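Next come the chains, spelled out residue by residue.
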Amino acid sequence: MSAKNVDKNNRFRSTTVGFRVSPEENEELNRAVALSGLPKQEYCYRRCMGREVVVQPNPRVYKALKTQMAEILDELRRIEAGESVQTELLDTIDLISITLEGTKENR
């Protein structure tokens, strides 16, 4: 039997909430979750409730940052070849800058 799912105030989380997203929105959500270092459930809960998402730097977060920066570099090379900038790229760059700024403050 698994342990009960409780929050930090020891309240039992017994209600399930689900929602549909497009494949593009799912990718964006997965990027944000990876960069936060939180489990997807906790990230979604904090964002939906308007609570602050505090990134705790750890190896998983740094790996996610490295992966996203490599993807951004590929996109910048594509743009240099004369193609247009996608909104998702700008959103990802913004999220990475916020994440890096937060990790700088925690040092």
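These figures come from a predicted structure and were not determined experimentally.

As a further point, take the nonpolar core. A general trend in soluble globular proteins is that nonpolar side chains are found buried together. Leu35, Val55, Val61, Ala64, Leu65, Ile72, Ile79, Leu89 and Ile96 together form the largest nonpolar core, which totals 9 residues. If you list the elements that add at least two residues to this core, you get helix 3 (59-80) and helix 4 (87-105). Counting residues in hydrophobic clusters, the runner-up holds 6 residues, among them Leu29, Leu38, Tyr43 and Cys44.

With 22 residues, helix 3 ought to run about 32 Å at 1.5 Å a step, and its terminal C-alpha atoms sit 31 Å apart, in line with that. Along helix 3, the residues classified as buried are Val61, Ala64, Leu65, Gln68, Ile72, Arg78 and Ile79. Buried positions in helix 3, seen along its axis, are confined to an arc of 135° and lie on one side of it. Pointing more than 90 degrees away from the buried face of helix 3 are the exposed residues Pro59, Lys63, Lys66, Arg77 and Glu80. Measuring from the side-chain oxygen of the N-cap residue of helix 3 to the backbone nitrogen of Arg60 gives 2.9 Å; that N-cap residue is Asn58. Gly82 lies just past helix 3 and shows a positive phi near 110°.

Quick look at the confidence of the model for the chain now. In the predicted model, the chain carries a mean pLDDT of 83, and the fraction of residues at 70 or more is 92%. Ranking the elements of the chain by mean pLDDT puts helix 4 last with 78 and helix 1 (residues 23-36) first with 92.

Attention shifts here to helix 2 (residues 40-48). Listing the buried residues of helix 2 in full gives Glu42, Tyr43 and Cys44. Contacts made by the buried residues of helix 2 are with helix 1. Residue Gly50 follows helix 2 closely and has a positive phi angle near 70°.

Further remarks concern the state of the cysteines. Note on terminology: a disulfide is the covalent bond linking the sulfur atoms of two cysteines. All chains considered together, the criterion is met by 0 disulfides. Cysteine Cys44 remains unbridged, with the sulfur of Cys48 as its closest cysteine sulfur at 6.1 Å. Classification of Cys48 as exposed rests on a relative accessible area of 63%.

Calculation notes
- Residues numbered from 1 in each chain as written.
- Predicted model: local features only at pLDDT ≥ 70, side-chain atom pairs only at ≥ 80, totals over all residues.
- Heavy atoms only, no water.
- Core = buried A, V, L, I, M, F, W, Y, C linked by side-chain atoms within 4.5 Å.
- Buried < 20%, exposed > 50% of the residue type's maximum accessible area, 1.4 Å probe, protein only.
- Helix = DSSP H or I, 4+ residues; strand = E, 2+ residues; numbered from the N terminus.
- Expected span 1.5 Å × (residues − 1).
- Arc of directions from axis to C-beta.
- Polar contact = N/O pair within 3.5 Å; in protein donor to acceptor, adjacent residues only side chain to side chain.
- pLDDT = per-residue confidence, 0-100.
- Contact = heavy atoms within 4.5 Å.
- Disulfide = S-S within 2.5 Å.

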